[in-house]
Each structure stands twice: as C-alpha cells, then as structure tokens.
Amino acid sequence: MIKPIFRLLLALFFGVQLTLGQNTAEIFGTISDGATGQSLAGANILIKNTYIGTASANDGSFHIPRLEPGNYNLVITMMGYRRQVQLVMVSDTSLSVKIAIKMQPDVLSSPQVVVTATRKVQDIMEAPVAVSVLGLRQINNKAAFSLEEILPYQAGISIVRDQINIRGANSYSLGAGNRSLLLLDGVPLTGSAAGNITWAVVPTSEIARIEIVKSSGSAQYGSSAMGGV
C-alpha cells in the first residue's frame, strides 16, 4: 500500500507536469515559393530578438516547440528570397499554431565586372588598378546631355576646357593633345587632329555603362592612356 505522503508527492509531481504541458506552446509551419508553390528546404526561421529558431526540412516544414503563450515575430530568411517577418499569436486556448509562409523571390546582386583595366572581363575587386563604374541608372539620374557633364561628379576627375584630367595626371595645354584615352566599346576615340576629345560624338542617351581607370593604362592601350582611360 502506498503511504499517504507518497500519494501526496505523486499528485504534486503529475500536477506540475500537467501544468507545464498546458502552458507550453508550439508553432508548426511550412515554407514555400510564393511564385511556384514549391516547398523550400533550408530556410532559416528565427524568433526575433532571441536565439530560438530552426530551419525548414526537405518538405518545407518546420517546428518550434516549448514556447510560452504570447506574440512572436518570426524572421524568415533564405538566399535568393526577400527577408520576411511573420507575426504569430499563441494564446492560452490555442497552444498549437500552424502557419504557411510564402517567400517572394529576390534578385541576387552579382559581382561588378569591368573590362577596361585589363582588356578582359574580371571582378572589379580583382582589377590591378583603381576603377570606378557608372551604370545606366547613375547616368540617367544626372540628366546630362554630354558625357563631359557627368564625369566631374566622379572623385579624382576634372574637366578643363573640354580636356579630361584624371587624378592630376594631365596639365592643361590646349591643342597639345591629351594623355587620357577615351574608348568607345574598346575602340580609341579621338575627336580632333590635336588629339583632344570631342565629347559630343557620344550622346549620353546611347551610353549604357562608363568605366574609368584612374591610373596609367599605357601598358594596355599605349602612350595616349598615360593619364588614365
């Protein structure tokens, strides 16, 4: 026969277990591609401002157990998709919550590549010289009619009476030629017999990309590129 004191201890033990079981909540969910509906494996699910989280399984499902009732912000991240925050409310009457999260694809930014510095396509971070690049959006934002109006906004670039000066490599000498080379799709472009650049020959509406080599390019392009390209 079990003594009364043991009965009391057993009752307290099972009562505590029952209480803990009633107050413990859990979140079940699935992660899928919002465009295709395909299940996404390996998505990271983290409760905001905590270290509690998990990753989605091969079928896109996930499970976060042992939570107290309350409101939780789930932060879902996955490469190739936009970061998403999902509010989940867990009440005392509904301790098991099921949600379905649809991720929206995001464009991955690829490394910026340049060709001017070495005459071949390479990552701008691997270029052996200082290179800056202006894309189509930056060119359009300037609302300029001539390339000559865009270049001075770049660090180290100045225009003196239609002649370009890159990092002070050229001194102003009207009609004596220029030591900075202008290339149009890789072809040297000079606009006068004196070697000075005629900027109007390249309308900004036709420019998709500008690469500026801020050091001597004479090893690749000859003496005309001693001041840059």
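Note that the coordinates shown come from a computational prediction; the quantities given were computed from them, not determined experimentally.

*Asks:* Run through the overall build of the chain, naming residues and quoting values.
*Replies:* Scanning the chain from N- to C-terminus turns up four helices and 15 strands. Considering only residue pairs separated by 6 or more positions, the chain has 51% of its internal contacts joining residues 24 or more positions apart. Only carbon and sulfur atoms are counted for the fraction: they give 55% of the accessible area of the chain, which is about 14,500 Å².

*Asks:* Explain the sheet that holds strand E5 (residues 70-77) to me, and be specific about the residues and the numbers.
*Replies:* One open sheet holds the four strands; their spatial order is E3-E2-E5-E6, and the pairing between them is antiparallel. Since the sheet does not close on itself, it has two edges, and those belong to strand E3 (53-55) and strand E6 (84-90), each with one partner. The average undirected angle you get between the axes of adjacent strands in this sheet is 20°. Across seven bridges, E5 lies against E6 in antiparallel orientation. Along E6, the bridge assignment pairs tyrosine 72 with valine 88.

*Asks:* If you had to explain the sheet that holds strand E4 (residues 61-67) to someone new, which residues and values would you point to?
*Replies:* Taken together, the three strands give an open sheet; going across it, the order is E4-E1-E7, and neighbouring strands pair in mixed fashion. The open sheet has two edge strands with one neighbour each: E4 and strand E7 (96-103). For this sheet, the mean inter-axis angle between neighbouring strands, taken without regard to orientation, is 20°. One ladder, built from five bridges, connects strand E1 (residues 25-33) with E4; its direction is antiparallel. Among the inter-strand pairings, threonine 30 is bridged to a residue of E4, identified as serine 61.

*Asks:* Summarise the layout of surface pockets; cite the residues concerned and give the values.
*Replies:* In this approach a probe as big as a water molecule rolls over the atoms, and the regions it shows empty are the leftover space. By volume, the largest pocket is sized at about 650 Å³. Together, 30 residues line the largest pocket, and Leu183, Leu184, Asp185, Arg209 and Glu211 are the ones closest to its centre. Elements represented by at least two residues in the lining of the largest pocket include exactly strand E12 (163-166), strand E13 (183-184) and strand E15 (210-213). Across the lining of the largest pocket, the residue classes tally to 21 nonpolar, four polar and five charged.

*Asks:* So, the nonpolar core: which residues are in play, and what are the values?
*Replies:* Core analysis: the biggest nonpolar cluster contains 21 residues, and Ile27, Ile31, Phe62, Ile64, Leu74, Ile76 and Ile99 have the highest contact counts within it. Elements that contribute at least two residues to this core include exactly E1, strand E2 (44-47), E4, E5, E6 and E7. For this core, the element with the most residues is E7, which contributes four residues. Counting 16 residues, the second-largest nonpolar core is a separate cluster that includes Leu151, Ile157, Ile164 and Trp199.

*Asks:* Any details on the pairing of E5? Residues and values, ideally.
*Replies:* Pairing of E2 with E5 involves four bridges; the strand directions are antiparallel. What sits directly across from isoleucine 47, in E5, is leucine 74.

*Asks:* Before we move on, can you summarise the environment of alanine 143 with the specific residues and values?
*Replies:* Residue position: alanine 143 is located in the loop between helix H2 (136-142) and helix H3 (147-150). For the pair alanine 143 and threonine 204, spaced 61 residues apart in the sequence, the C-alpha separation amounts to 8.8 Å.

Reading the values: rules and limits
- Residues numbered from 1 in each chain as written.
- Predicted model: local features only at pLDDT ≥ 70, side-chain atom pairs only at ≥ 80, totals over all residues.
- Heavy atoms only, no water.
- Helix = DSSP H or I, 4+ residues; strand = E, 2+ residues; numbered from the N terminus.
- Contact = heavy atoms within 4.5 Å.
- Areas by Shrake-Rupley, 256 points an atom, 1.4 Å probe, with all protein chains shown as cover.
- Pairing = 2+ DSSP bridges.
- Axes fitted to C-alpha atoms, helices over the stretch in contact; angles between N-to-C directions.
- 1 Å grid on protein atoms, 1.4 Å probe; cavity = no way out; pocket = protein on both sides within 12 Å on 5 of 7 lines; lining within 4 Å.
- Points joined across faces, edges and corners; volume = space filled by probe spheres on them.
- Nonpolar A, V, L, I, M, F, W, Y, C, P; charged D, E, K, R; others polar.
- Core = buried A, V, L, I, M, F, W, Y, C linked by side-chain atoms within 4.5 Å.
- Buried < 20%, exposed > 50% of the residue type's maximum accessible area, 1.4 Å probe, protein only.

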